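Listed here are the chains, written in short residue letters.
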Amino acid sequence: MTARLPCGRPSTSRPEGRDVHHGRRTVRARRVACAALAITCMMHASRSRAEEPRVDPTSDVTPPEIVAQEPPSYPAGGQGAARVVVELVVTAEGSVESAKVVEGPEPFGSAALAAAKRHRFKPATRSGHPVRARIRIVVAFARPGEAADPGSPSTSGAASRPAGGDASHPPERPADGAKTEAPAKVQEVQILGTRELKTPTEHRLGRSEVRVLPGAFGDPFRAIDVLPGVIPIVSGLPYFYIRGAPPSAVGYYVDEVRVPYLFHFALGPGVIQPALIDEVALHPAAFPARFGRYAGGVVAGSTRDPATELRGEAQVRIYDAGAYVEAPFAAGRASAGVGGRYSYTAAVVSLFAPDLTIDYRDYNARASYALSDRVRVSAFTFGSYDYASGVDGETGKEEVYFASEFHRLDVRLDRRGEGGSSVSRVAATFGIDRTRLEGARFAQNWVTGLRGRHRWSARPDVDVEVGADTFIELYRGDLPSPYAVRESDYEQAVALFAPRTETASGAWATSTYRPRPGWDLTAVLRGDVFTSDGKIGVGPSPRLSARIPVLAKVTFLAALGIAPQPPAFAIPIPAVGYKGLPGGLAYAYQKSAGLEVGLPLRFTLKTVGFHHSYFNLRDFARDRGDIDFDRSQLEPSSPSQAFGLELFLSRKLSERYAAFTSMTLSCSQLGSTASAPETTSPFDRSYVLQIGGVLDLGRGWRASSRFLTYGGWPLERDPSTGRATGRLDGFTRVDARVEKRWSLSKEAAASGGRWISLVLEGLNVTGSTDIVGRTCEEGRCRDQRIGPLIVPSIGVEGGL
Amino acid sequence: MASSGRRIGGGLVLSLAALASCVPATEELAPRGAAGVVLEPSPAARGEPLLTSDGWTLRFEALAIVAWVGAVSVTGGEAGSSSFVMWNGAHRAESIVRALLVSSYAVDVRLGSLLFDPTEAEAPDVVALSRAHGVAADLATRFLRRPDNATSSVSSSDTSAARLEAGPALVFVLRAEKGDQVRVLDLALAPGDLSLDRGVEVAVRANDVVFVQMQVAPERLFQTASGATLPFQPIADADRDGDGRVSVPELREERDVDDVPCRGDSSVTGGPRARAPGVSDRAGQVDTDCPTLLQGLAVRAAKIIRPR
């Protein structure tokens, strides 16, 4: 689908902060012998990942906008006037990633190309998120002393504004011999991004939003707890119930690669560098076709586009330090980046507890090379390592509490069809997971995966994608000698770590029909086959979703889906899983519908009602009072269900001022058969409410806070009805964040150039405690509390 | 670009270093192993006939046992036990005590009892367990009932949750014949003697199991401690109603004839004794002069497993 957006008229107003650049350009322009720059704009935007063609014309798309440009010199040897069309790829940071002459004679082409590469843009945005875009500009040359061809387009903001928008800066004053032209039209905009991956009831958080969200510490995967439908277990613990589904039913991905273990020690920092992540999406239902094998939801992070200039970020906190740096090479055709996090908690903790060791680290690296304008090969690797031990006071021997690691390498080839008419990807994933069990024994598995997909426009209003993937996991866990451990321990080891081969293979076909602007009707047919230790499970996963405008700024949303899942361990731990598909596959039946309403001041209200049913799902929380991790096998739960209403009122947090309200009213129940009557889930919270805001205080100061409150767990259940008759007290906390940023370059503000920040951030600055139970003796009751879990952070962050 | 290249190079080195930093396995565990017992049935346990000193031919038609294996370090301090095992006494069985620190242990087999809640229905998992070890379901369920030699005041333990009772350790059906006389004993007995044997000493090796050979010899129900065969006639005579089945009340009515000590009578050898009114049938204890026939069987039941 192609959007044709007319350019806006240039404005005589000049936005604050750009005068300096314009002044400099003007000076430069006067030095140029002759040139007239006119930029018109045939904008072809494209995402680097070349994933999805087209943009929804009704979506909030803003084309790139020039903020700094280099007037081209009239080339030596040139004669007369000339018109050159240059195609640029503008990164999400606003720099020019690549440029090529599409049309125009030499030597004007080279001159235009050289100048265009030095342009800087305010990046294109989609729904407020900066996105990579491909545009075409026309550079018009006039003989010195002459004006450019009146028919030529102007250099001004014509290229950078959609219809109705006032240009952000005036027409470039032409250099000697040039004259300003009327703004040309933006003839075409293509945003090749994640648009088509959107599902109607999903939520997305962009990098810039996550950064300012207090309590998230810049971690996109932790930040999802601000979204509706996400029910915390305990404040600060980054594992959630999503629409009644337990953490084991939620899949986490980065660039379509499953992350086996997302947070250090299950509650610490994320294992993926925030600087790598462009945005994170929460798909609570009817996920995009390429995701499957989870019944409860999918959290998918996507990485940023390959760098076209040196860039990086670093954080130094009181307990760890992390950095990521990426740079282009091979004349911009390639880029490579590396980053990681290292915890010095071992050294810090040893000051207070010399017998205790807590150590974690992770790494992220990637490289990308453009084989041609439309073909790119990339490699992405990441991994994590956690280790905690203590010295036994009696024996003096080290006792390892937890030790786990994983490594992943994903190699992919992306190909984009001519003009973005199609996108294809083939990829291979390799990995190894290890978790220490005892002594020198490990649970270990080797992962090999292949996947491929192809998407194309079958008709102007129909996009189709087909794909398939298969994963083979070789579990080679070290089983103990059956004589050296207790029988129950051995049985547990056999159930969870036994050597075996598991496979998961899936295929899908999906079609998105957009009969009218703003409409999205998507059907997915997906099926997965699971094998483990000779057992086979087949899981069909059809999905339907719709996005239908019903009134001006009011859109109806709906998502239906069936999601199968193989048995999963209660909390994702590398190399730990069930052998032989015990109990068979679990299924979720997802139903949700709602409305999205555009409000003044760029606020958006999204409200969704949902009802999810789960069958055969393992939920370790089935009986909160009897969570037994020593059991070799959790029994599949009887049917359960969750229903409720989600509301999300927000203005992009990346705006100068922003606010959001997230509310979930829900009920989660277990059992609905004659033999297992409905009971309120032990982890049911009837409400979760969050209110937050971000304020740019000027002079680099930015403050944000978040208020969170949720209802308490059910306290008692009526034996006859199973319903909760009372609840523990609820929980309330406040998170806060203050940042002072210094820009180290004049372009920093506009283009994300060099900067450094001092960040003070705290989760639960109110020092609140979670109530997780109540004990009564002799008529006196006392709450059992956890916490207060307060996470303070003083950090220095910087970007290149 | 050169500086960025250096940065990237440095980063890659760090990445490789991170890749190399696999989870360590520095913790050394104390070596452990296991001690096991192989239980072989005696000919009598397999159902072969046994001739008593007074001419009765005994044949065990059914035999089921619940027991566990205990291992105690000869140097003290370490001990372990297996879980309970229920098996058909006519079959070979084995039980293992795992996770023992490498050392020398005295290994013994103790008859045991399953605890059950008399107010609840029979636990189906016990029946399932019995099938796996060749025990007929009707015999298995008897392990979740009161022993025949129990009274209401014994063989039970109170817990805060429920009043649990201990079941029998030995269930057997014995057919005795002499000429045209036939007697049948169908009993479920709790061990009547909890005195501990020293066991068989073995050296436990790391990651290995060492087995002790033992024999299930139900004929010891009719033998003295020294191995002398007891006459069966007193038991046969206890069948007062003449129906051929020597019932539990009938066995309680007669005093034992073996070498079970009588209070005040240390010379406890042979010969029928007079009935002692008021005898308690409390397992393993004699609170009057001499035990009953039922008590005598219960006491000797504790000795039916012995080293080979």
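Our subject is the structure that appears above.
All of these numbers come straight from a predicted model, not from anything done at the bench.

Participant: Residues and numbers for the overall build of chain A, please.
Facilitator: Helix and strand content of chain A: seven helices and 44 strands. Across the 800 residues of chain A, 60% fall into the buried class. Accessible surface computed for chain A: about 29,900 Å², of which carbon and sulfur atoms make up 58%.

Participant: A description of the sheet that holds strand β13 (residues 250–254) of chain A should follow, citing residues and the corresponding values.
Facilitator: Residue and element names in this part refer to chain A. Pairing within the open sheet is mixed, and its five strands lie in the order β10-β15-β16-β13-β14. Only two strands of the sheet have a single neighbouring strand rather than two, namely β10 (203–206) and β14 (257–258). As judged from the two bridges shared by β13 and β14, these two strands associate in the antiparallel manner. Each residue of the ladder has a partner; that of Tyr 253, found in β14, is Arg 258.

Participant: Can you lay out the sheet that holds strand β15 (residues 305–307) of chain B for me, pointing to particular residues and giving the numbers?
Facilitator: All names here are of chain B. Read from one edge of the open sheet, four strands run β6-β1-β14-β15, paired in mixed fashion. The strands lining the two open edges of the sheet, one partner per strand, are β6 (93–101) and β15. When the angles between neighbouring strand axes are averaged without regard to direction, this sheet yields 30°. Sheet analysis places strand β1 (residues 32–41) next to β6, joined by seven bridges and oriented antiparallel. Along β6, the bridge assignment pairs Val 38 with Glu 94.

Participant: I'd like to hear about the environment of A:Arg376, residue by residue, with values.
Facilitator: Residue and element names in this part refer to chain A. Along the chain, the position of Arg 376 falls in strand β21 (residues 375–391). As a C-alpha pair, Arg 376 and Ala 334 span 42 residues in sequence and 9.0 Å in three-dimensional space. Apart from the residues within four sequence positions on either side, Arg 376 is in contact with Glu 97, Pro 306, Arg 333, Ser 368, Tyr 369, Ala 370, Leu 371, Arg 412, Leu 413 and Asp 414. Within the structure, Arg 376 has its side chain in polar contact with the side chain of Ser 368 (distance 2.5 Å).

Participant: Please provide a residue-by-residue account of the side chain of B:Asn149, values included.
Facilitator: Residue position: B:Asn149 is located in the loop between α3 (137–141) and β9 (156–158). A polar atom in the side chain of B:Asn149 sits 3.0 Å from the backbone nitrogen of B:Ala190.

Participant: Account for unusual backbone geometry, naming residues and giving values.
Facilitator: All names here are of chain A. Phi is positive for Arg 243, which is not a glycine, with a value near 50°. In this structure, Arg 243 sits in the loop between β12 (240–242) and β13. Phi at Leu 581 takes a positive value of approximately 45°, unusual for a residue other than glycine. Among the structural elements, Leu 581 can be located in the loop between β30 (554–565) and β31 (586–598). Classification of Leu 581 by relative accessible area gives buried; the value is 13%.

Participant: Describe the pattern of salt bridges, listing the residues and the values that go with them.
Facilitator: Residue and element names in this part refer to chain A. Summed over all chains, the structure comprises 58 salt bridges over all chains. One salt bridge connects Arg 455 with Glu 465, and the closest N-O pair in it is separated by 3.9 Å. Placement of Arg 455 in strand β24 (residues 441–459) and of Glu 465 in strand β25 (residues 462–475) is noted, with a sequence separation of ten residues between them. Measuring nitrogen to oxygen at the nearest pair gives 2.6 Å for the salt bridge that ties Glu 596 to Arg 547. With a gap of 49 residues between them, Glu 596 in strand β31 and Arg 547 in strand β29 (residues 543–551) connect regions that are remote in the sequence. Residue Glu 596 shares its accessibility class with Arg 547, and that shared class is buried.

Participant: Give a detailed account of the pairing of strand β3 (residues 57–73) of chain B, specifying residues and quantitative values.
Facilitator: Residues and elements named next belong to chain B. Among the 17 residues in β3, twelve count as buried, and that is most of the element. The sheet contact formed by strand β2 (residues 50–51) and β3 spans two bridges and is antiparallel. Bridge assignment links Leu 50 to a residue of β3, and that residue is Leu 58. Where β3 meets strand β11 (residues 170–178), eight bridges bridge the pair, whose relative direction is antiparallel. In the strand pairing of β11, Leu 58 is matched with Ala 176. Taken together, the four bridges between β3 and strand β5 (residues 85–88) define a ladder with antiparallel strand orientation. Bridging across to β5, Ile 65 finds its partner in Trp 87. Pairing of β3 with strand β7 (residues 104–111) involves seven bridges; the strand directions are antiparallel. Residue pairing in the sheet places Gly 70 in a bridge with Asp 108 of β7. Here three bridges tie β3 to strand β4 (residues 79–81), and the two strands are oriented antiparallel to one another.

Participant: Give me the lowdown on the nonpolar core, citing residues and values where you can.
Facilitator: B:Phe172, B:Leu185, B:Phe222 and B:Phe232 are the most contacted members of the largest nonpolar core, which has 52 residues in total. Considering each element in turn, this core owes the most residues, seven residues, to β3(B). With sequence-adjacent residues up to four places away left out, B:Phe172 is seen in contact with B:Phe60, B:Ala62, B:Leu63, B:Leu185, B:Asp186, B:Leu187, B:Leu189 and B:Leu221. A:Ile224, A:Val254, A:Phe263 and A:Val271 belong to the second-largest nonpolar core, a separate cluster that totals 39 residues.

Participant: Please give an account of the environment of A:Gly270 that cites residues and values.
Facilitator: Residue and element names in this part refer to chain A. Within the secondary structure, Gly 270 sits in the loop between β14 and β15 (277–283). For the pair formed by Gly 270 and Arg 341, sequence separation is 71 residues and the distance between their alpha carbons is 9.5 Å. Excluding residues that lie within four positions of it along the chain, Gly 270 makes contacts with Asp 219, Leu 262, Phe 263, His 264, Arg 341 and Asp 362.

Calculation notes
- Note that residues are indexed from 1 along each chain, following the sequence as it is written.
- Chains carry letters from A onward and ligands carry numbers from 1 onward, assigned in written order.
- Owing to the predicted nature of the model, reporting of local features is limited to residues with pLDDT of at least 70; listing and counting of side-chain atom pairs is limited to 80 or more, with chain, interface and lining totals taken over all residues.
- The basis for every side-chain value is the complete set of non-hydrogen atoms in the structure, without hydrogens or water.
- Note on conventions: DSSP H or I runs of at least 4 residues are helices, E runs of at least 2 residues are strands, and numbering of each starts at the N terminus.
- In this scheme, a residue with accessible area under 20% of its type's maximum is buried, one over 50% is exposed, and one in between is partly exposed, where area comes from a 1.4 Å probe on protein chains only.
- The method behind every accessible area is Shrake-Rupley, applied with a 1.4 Å probe, and residues are considered shielded solely by the protein chains displayed.
- Should DSSP find at least two bridges between two strands, the strands are taken to pair.
- Every angle, taken between N-to-C directions, lies between 0 and 180 degrees, and every axis is a line fitted to C-alpha atoms, over only the stretch in contact when it is a helix.
- Should any heavy atoms of two residues lie within 4.5 Å, those residues are counted as being in contact.
- Polar contacts, as counted here, are pairs of nitrogen or oxygen atoms within 3.5 Å of one another; within protein the pair requires one atom able to donate a hydrogen and one able to accept it, and residues that are adjacent in sequence qualify only if both atoms are side-chain atoms.
- A pairing counts as a salt bridge when a side-chain nitrogen of Lys or Arg comes within 4 Å of a carboxyl oxygen of Asp or Glu.
- As used in this record, nonpolar core signifies buried Ala, Val, Leu, Ile, Met, Phe, Trp, Tyr and Cys residues forming a set joined through side-chain atoms within 4.5 Å.

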